[in-house]
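What follows is each chain in one-letter form.
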Amino acid sequence: MGLDTVIVAFFVVGTILVVAGTLTMGTNNLVESSFHGYVSAHQTMMDRLQTRIEIRNIAFNVSTNHASFTVANTGETKLYNFDHWDVLLVKKRSGILSG
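## Some details on unusual backbone geometry
Here is step 1: With a phi angle near 55°, Asn57 is a residue other than glycine that sits in the positive phi range.
Here is step 2: One can find Asn57 in strand β1 (residues 53–61).
Here is step 3: Positive phi, close to 55°, is recorded for Asn65, a residue that is not glycine.
Here is step 4: Relative to the elements of secondary structure, Asn65 occurs in the loop between β1 and β2 (66–73).

This is how it looks when you write it as structure tokens:
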């Protein structure tokens, strides 16, 4: 009975080591993919923070109601996908208030 117990103990310990190694590799892959996702999200956020736009040379033609202006990217990230841009132009009327 002594040798059988030793053999079973080695089998059980070996099984535990195989299961522990499998779990460790799976956990390592999970942590690694989570880390890469975090790095990608952080890089996207930093790119957005480094984008700066300046509006220059604003002109408005009263007779045709046309406005023209120049948009300059002074940031480090190149701008793209112009089809998804929204531009809002608000014209305020100036008036003289008399009291």
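From this point, the narrative continues.
## Some details on the environment of Thr27
Here is step 1: Summarising the element assignment, Thr27 is placed in helix α1 (residues 2–49).
Here is step 2: A relative accessible area of 45% means that Thr27 is categorised as partly exposed.

## Let's talk about a nonpolar patch on the surface
Here is step 1: On the surface, Ile53, Ile55, Ile58, Phe69, Val71, Phe82, Trp85 and Val87 cluster together into a nonpolar patch covering about 790 Å² of accessible area.
Here is step 2: Of all elements in the fold, only β1 and β2 reach the threshold of two or more residues within the nonpolar patch.
Here is step 3: For the nonpolar patch, the leading source of residues is β1, giving 3 residues.

What counts and what doesn't
- Each chain has its residues counted from 1, following the order in which its sequence is written.
- In keeping with the model being predicted, local features are shown solely for residues with a pLDDT of at least 70 and side-chain atom pairs are shown and tallied solely at 80 or more, while totals for entire chains, interfaces and linings include all residues.
- With hydrogens and water stripped out, all remaining heavy atoms of the structure feed into the side-chain values.
- Only DSSP runs of H or I covering at least 4 residues are called helices, and only runs of E covering at least 2 are called strands; the numbering of each starts at the N terminus.
- Relative accessibility decides the category of a residue: with a 1.4 Å probe and only protein chains considered, values under 20% of the type maximum give buried, values over 50% give exposed, and everything between is partly exposed.
- Without a salt bridge and with relative accessible area above 30%, a residue can belong to a patch; like charges are then joined within 9 Å and nonpolar side chains (Val, Leu, Ile, Met, Phe, Trp, Tyr) within 5 Å.
- Here the Shrake-Rupley method, with its probe set to 1.4 Å, supplies the accessible areas, and only the displayed protein chains count as covering residues.
- Just to be clear on terms, a salt bridge is a Lys or Arg side-chain nitrogen sitting within 4 Å of an Asp or Glu carboxyl oxygen.

The values reported here are purely geometric and, on their own, carry no functional implication.
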